[in-house]
Amino acid sequence: MLAPDSSPSVRARVRDLTESAPFQRIIIALIVLNALILGAETYPAVMASWGGLLETANAVIVSVFVIEIVLRIYGHGKAFFRDGWSLFDLFVVLVALIPTGTGSEVLRVLRLLRVLRLLSAVKSMRLVINALGAAIPGILSIGALLVMIMYMFAVSSTLLFKDMRPDAFGDLWTSNMSLFRIMISDGWPDLVVPMVQEAGWIAAYFIVFNVVTTFIALNLFVAVTVEAMNRRHEPKADLAGGHGGDRADDVSAEVLTELRALREQVARLEGRLARE
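Notes on the structure in this doc start here. (Residues numbered from 1 in each chain as written. Predicted model: local features only at pLDDT ≥ 70, side-chain atom pairs only at ≥ 80, totals over all residues. Heavy atoms only, no water.)

Right, let's get into the packing of helix α7 (residues 123-161) against helix α9 (residues 172-183). Axis separation between α7 and α9 bottoms out at 9 Å; the angle between their running directions is 115°. Classified by chirality, the crossing of α9 by α7 is right-handed. Where α7 approaches α9, its residues L146, M150, Y151, F153, A154, V155, S157 and T158 are matched on the opposing element by L172, S175, N176, L179, F180 and M183. Residue composition of the contact of α7 with α9, grouped by class: ten nonpolar, four polar and no charged. (Axes fitted to C-alpha atoms, helices over the stretch in contact; angles between N-to-C directions. Helix = DSSP H or I, 4+ residues; strand = E, 2+ residues; numbered from the N terminus. Left-handed = near helix turned anticlockwise from the far one by under 90°. Contact = heavy atoms within 4.5 Å. Nonpolar A, V, L, I, M, F, W, Y, C, P; charged D, E, K, R; others polar.)

Below is the structure:
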């Protein structure tokens, strides 16, 4: 009788290794260290003294990232390519392999994407990004509303103030630029204050503009994002009787562990029967 194939068991062990907390902590530490190295490379004095050491450390860290991705692909198989975060990690690692001497500064800048691997490595950051992704439809709607309000105020400001301040409100484009500066509170001293000294009612006009665009729109953005995060954390009943996706994942992992142990026991029994 042939011995059973042990590759699924090896693959499961590799998958458990890459998903273990110590392994993840090491990867996070290397990501942070790599970010510090990339920042240190911007100082010519540091590169003159420690350039060789930093480049060696950078190469070692990238090698570890490559090994990690290879292990994850082997451990998860086709499931790796169905996970968006895993594909993001693969893309970042591939970009990290771009030689620094290619002559393209844009490609060298892309190495900074390695810092973004913290988004996939830290669970709390993943939750925030997922919540932002879920909030995109609402954010787009609020953005469209804000664009409409900006357009209306830009047209009215051009009609009202083009003779008073042609440099700031002479046409639709310059009015939009000036209103954007006022919206972020950058244009009040040099745009609004001189105009208010000529006509006091202008203060009320721009106060209404700021209230509508800054306070209302900003609060709507925050409300949509918070609502999306709350939906992500809402407890959902599962077949195991618990609540939440984390509990379901724990139950699934426990069942898979038991199945792997049972498979190993069956394999040992088959081996004994074959020897007898």
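Glancing now at the side chain of E68. Its location among the elements puts E68 in helix α3 (residues 44-76). Here E68 is in contact with F23, I27 and R117, once residues within four sequence places are set aside.

What follows covers the pattern of salt bridges. Under the definition given, this model contains five salt bridges. The residue E68 makes a salt bridge to R72 at a minimum N-O spacing of 3.3 Å. Of the two residues, E68 and R72 are both situated in helix α3; the distance of four residues between them amounts to about one turn of the helix. In this structure E68 comes out as buried when scored by relative accessible area, which is 2%. Taking relative accessible area as the criterion, R72 reaches 12% and is therefore assigned buried. Here D167 makes a salt bridge to R165, at a shortest N to O gap of 3.1 Å. If you follow the salt bridges from partner to partner, you end up with E68, R72 and D89 in one network. (Salt bridge = Lys/Arg side-chain N within 4 Å of Asp/Glu carboxyl O. Buried < 20%, exposed > 50% of the residue type's maximum accessible area, 1.4 Å probe, protein only.)

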